[in-house]
Amino acid sequence: MLRRGLGLAAIIIILDQVSKYWIVERVMRPEGVTDTPFFSPVRVEILPIFDLVMAWNRGVSFGIFNNGGDWNWLVLSVLSVAISAGLAVWLKRAENALVALALGAIIGGALGNVIDRLRWGAVADFLDVHVAGYHWPAFNVADSAISIGAVLLILDSLFTRRNSDKN
């Protein structure tokens, strides 16, 4: 189970970082602008309810603590690594593939966002879903993996029978 979970984590980190490189360095940076990755002149409409945008999140999910504090990137990075280490211990003890994959998704997503914080001091968010003028906060591949992993853990806890006769 450990290899499955860590393998998925590695795949998520790679997909996350490749997608962020493409967005930050190719899609959102106009020709000739090289001074900062925080320049974002572009909104690319993909579907009537889905755009590519450039948003920099210095906080956590949904922009919580997105106040631009000088130490946010470091504190959140250390916290994310510590939580990922705890999840890796859980992963080592995982009893089924669903839990292993869920934990791998969360670990991969968390570490993908840590890479952003270390590289830019903020997490690059670029997926924008909106309906009737209401926007979901911009997110990225790592955020999606964390959310899907959390949902899978909840589903496992609700629908998987545990043997309570373990002695």
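Residues numbered from 1 in each chain as written. Predicted model: local features only at pLDDT ≥ 70, side-chain atom pairs only at ≥ 80, totals over all residues. Heavy atoms only, no water.

**Q** Report on the packing of aromatic side chains, specifying residues and quantitative values.
**A** According to the stated counting rule, one finds 1 aromatic pair in the structure shown. Between Trp 56 and Trp 120, the aromatic rings sit 5.1 Å apart at their centres with planes inclined by 75°, giving edge-to-face as the arrangement. Of this pair, Trp 56 sits in strand S2 (residues 50–57) while Trp 120 sits in helix H3 (residues 97–120); the two residues are 64 residues apart in sequence, bridging distant segments of the chain. Accessibility classification places Trp 56 together with Trp 120 in one group, the buried group. (Phe/Tyr/Trp six-rings, centres within 6.5 Å; stacked < 30°, edge-to-face > 60°. Helix = DSSP H or I, 4+ residues; strand = E, 2+ residues; numbered from the N terminus. Buried < 20%, exposed > 50% of the residue type's maximum accessible area, 1.4 Å probe, protein only.)

**Q** Describe the packing of helix H1 (residues 2–27) against H3, with residues and values.
**A** At a minimum axis distance of 7 Å, the contact between H1 and H3 shows a crossing angle of 35°. Where H1 crosses over H3, the two elements pack in a sense that is right-handed. (Axes fitted to C-alpha atoms, helices over the stretch in contact; angles between N-to-C directions. Left-handed = near helix turned anticlockwise from the far one by under 90°.)

**Q** So what about the environment of Met 28? Which residues, and what values?
**A** Mapping Met 28 onto the fold places it in the loop between H1 and strand S1 (44–47). Judged by its relative accessible area of 0%, Met 28 falls in the buried class. In sequence terms Met 28 and Leu 52 are 24 residues apart; their C-alpha atoms lie 8.9 Å from each other.

**Q** For the environment of Gly 149, give the residues involved together with the corresponding values.
**A** Mapped onto the elements of the fold, Gly 149 is located in helix H4 (residues 141–159). Classification of Gly 149 by relative accessible area gives buried; the value is 0%. C-alpha of Gly 149 to C-alpha of Gly 104: the two residues are 45 residues apart in sequence and 7.6 Å apart in space. Residues in contact with Gly 149, not counting those within four places in the same chain, are Ala 102, Ala 105 and Ile 106. (Contact = heavy atoms within 4.5 Å.)

**Q** Give me the lowdown on the pairing of S2, citing residues and values where you can.
**A** S2 sits mainly inside the fold: 6 of its 8 residues count as buried. Bridge count for S1 against S2 is 3 bridges, and the pairing is antiparallel. Across the sheet, residue Val 44 finds its bridge partner in S2, namely Leu 52. The hairpin turn running from S1 into S2, its antiparallel successor, is 2 residues long. Pairing of S2 with strand S3 (residues 123–131) involves 6 bridges; the strand directions are antiparallel. Within S3, the residue paired with Asp 51 across the bridge is Asp 128. (Pairing = 2+ DSSP bridges.)

Without other data, these values stay purely geometric and don't point to any function.
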